[in-house]
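What follows is each chain in one-letter form.
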Amino acid sequence: MAFAEARTESMSMAISSSLTADMIQELPISTTTPTSKKLTLIPLIFLIYFEVAGGPSGAEPAVKAAGPLLTILGFLIFPFIWSIPEALVTAELSTAFPGNGGFVKWAHQAFGPFWGSLMGTWKFFSVVANIAAFPVMCMDYLDKLFSVFSSGLPRKLALVGFTLMCSFLNYTGLVIVGYTAVVVGVISLFPFILMSLISIPKIHPHRWVGLGQKGVKRYWNLYFNTLFWNLNFWDSVSTLAGEVENPNKTFPHALFSAVILTCFSYLIPLFATIGVVSVDQSEWEAGFFANAAAIVSGEWLQVSIEIGVVLSSIGLFEAQLSSCVYQLVGMADLGFLPRFFAVRSKWFDTPWVGTLLATVITVGASFMDFTDIVASANFLYSLGMLLEFASFLWLRRKLPALRRPYRVPMRLSGLIIACLIPSGFLILIMAIASKIVFLLCGMVTVFGIGMYFLMKLCKKKKWFKFSHEVQFYEQELQPM
C-alpha cells in the first residue's frame, strides 16, 4: 500500500514537472505575424558578427595602451574567458525561451518582473549608447577622406544624416537588414584580408612579442575597455529570436560560427600590421589601420580600408538597432511596456515605435565624448551581464526539467566556475570607470527603477493598454 502511494506520488510529480515545463514553452513569445519573413543562418551569422565586432577597426587603441604582445594575447585569450561563455549562455537560454525579449525574459523567469524590467533598462541604454559610437567612428574615418567632416556644422549634420539614413534602412525590415549585413560584411572585410596577404612577405615576427616602447605608461583602463568593447554584446541577438527561422537549431550554429569569424577578423589584421609597421606607439589610435594600409601598399589600400570601415559602421548600426528595437517588442509582449511598443508598420511589418525612440536617443548620445560613450555602454552592459549570468545559473537550479534544445554540457558546479571568471572581469570593468560614467549609469539605474513602478501605476490606472504579463513560475521543477 505504502509502495503504491509512493509510486503514485512520484508519477504525479513527474507529470506535474513535465506539464509545467511544457506550459513555459507554450507561453506567448512574440508579436511576430504568421506571414513575417524569418532570418536564416547566414544573415544571422553576420548580424551577430556586427552585434559584436564588425571588423578589426576599433582594436588599435589596445596597442597604444599596452603594446603589441599584450594586445595579441588579449585578443587570443579574451574570447575563451568571455566571448565563448557568453555565447554558450545565449545559445542555451535563447533556445529554452524562444521569442523576442531575450535576456529580459530570462531575468524575469529567474527573479521576477522587477529584475526583468531593470535588465531591460540597463541593456537598452547600453545598446543605444553603443549605437551612438558608430556614427562618430564613421565620421572619424570620413574626415580622412573629406576634411569638411572634421568639425563644426558639417560634421553635426553628417552625424544626424547618417543616423536617420541607417534608421530608415532598419525600418524596411529585418530580413533586408540581415542580407545587407552579409553584403556589407564581405565588402568591408575584403580590404583587411588584402592588406594581410600583401603584408606576409614583409612581416617581422619578433615585433609580435614587443612589450611596447620603454618609458611609455600602460593605460589599463583603455586596454580592458577596448578588449571588452570589441568582444561583447554576444547576447544582443537573443532579443530577436522570435524573428529567426527554426531558432532551436539556427541559434547555436550561428553563434559558434560568429565567434570564429570575429576572432579571425581581429587577429589576422593585428598580426599583419604589428609585424610590418614600425611606428611610435602613440600613433595606434582608432583608425590607425587605414594609415597602416598606406604604409603597406599605398594610398589606394588606405582609401579601401576607410571605405570598408564606413560600410562596417552601417552594419554595426543596423545590427544593434535591430536588437534594441526587438528588445522593446519583447518587453511589450511581457507586459513591461505598453502594447504600442509592439505595433508594427503596415508597410514593412517592423516595430516603428521602438525604431523612432532608439533613433532619437542615439542622435542625442552621438554628440557625447567617444570615450565616455564606450565606457558608459560597457558599464551598463556589465551590470546587465552580471544579472544575466545569475539568471542562467538560477534557472538551471530552479527549472532543471525545462526542455533546453541546446544545453551547455556542464553540471551546475562547473557552470558556476565558468561564470565566475567573466564576472570577475565585469567587476573590473566597472571598478576602473570614471566618475562621470558612475554618475550616468547611476542615473540610468534610478530611471529604470522609476520606470518599473510607473508602468505598474499605468496598469493599475489603465492609462495604457498592456499585454497580459507572462506567468511567472515559482515552483521548482524536479528532474524526471
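Residues numbered from 1 in each chain as written. Predicted model: local features only at pLDDT ≥ 70, side-chain atom pairs only at ≥ 80, totals over all residues. Heavy atoms only, no water.

A. Layout of the side chain of E243. Relative to the assigned elements, E243 resides in the loop between α9 (220-230) and α10 (247-276). Polar side-chain contacts of E243 include one of 3.1 Å to the side chain of R344. (Helix = DSSP H or I, 4+ residues; strand = E, 2+ residues; numbered from the N terminus. Polar contact = N/O pair within 3.5 Å; in protein donor to acceptor, adjacent residues only side chain to side chain.)

B. Representation of the packing of helix α4 (residues 68-96) against α10. Two elements in contact, α4 and α10, have axes separated by 10 Å at closest approach and are oriented at 175°. When the interaxial angle is binned, α4 and α10 end up roughly antiparallel. In terms of residue class, the contact of α4 with α10 is built from 21 nonpolar, five polar and no charged. (Axes fitted to C-alpha atoms, helices over the stretch in contact; angles between N-to-C directions. Parallel < 35°, antiparallel > 145°, perpendicular 65-115°, else oblique. Nonpolar A, V, L, I, M, F, W, Y, C, P; charged D, E, K, R; others polar.)

C. Layout of the environment of N291. Note on placement: N291 falls in helix α11 (residues 288-297). Note on N291: relative accessible area 31%, which makes it partly exposed. When the C-alpha positions of N291 and I305 are compared, they lie 9.1 Å apart, and in sequence the two are 14 residues distant. (Buried < 20%, exposed > 50% of the residue type's maximum accessible area, 1.4 Å probe, protein only.)

D. The arrangement of unusual backbone geometry in detail. Positive phi, normally seen in glycine, also occurs at N246, with a value near 50°. Relative to the helices and strands, N246 is located in the loop between α9 and α10. The residue D349 is not glycine, and still its phi comes out positive at about 60°. Following the sequence through the fold, D349 ends up in the loop between α12 (299-333) and α13 (352-365). The exposure class of D349 is partly exposed, given its relative accessible area of 22%.

E. Local environment of helix α16 (residues 435-461). Over its 27 residues, α16 extends 39 Å from the first C-alpha to the last, a length consistent with the 39 Å expected when each residue adds 1.5 Å. Burial in α16 covers these residues: V437, C441, V444, T445, G448, Y452, M455 and C458. Positive phi shows up at K462, right after α16, with a value of about 60°. (Expected span 1.5 Å × (residues − 1).)

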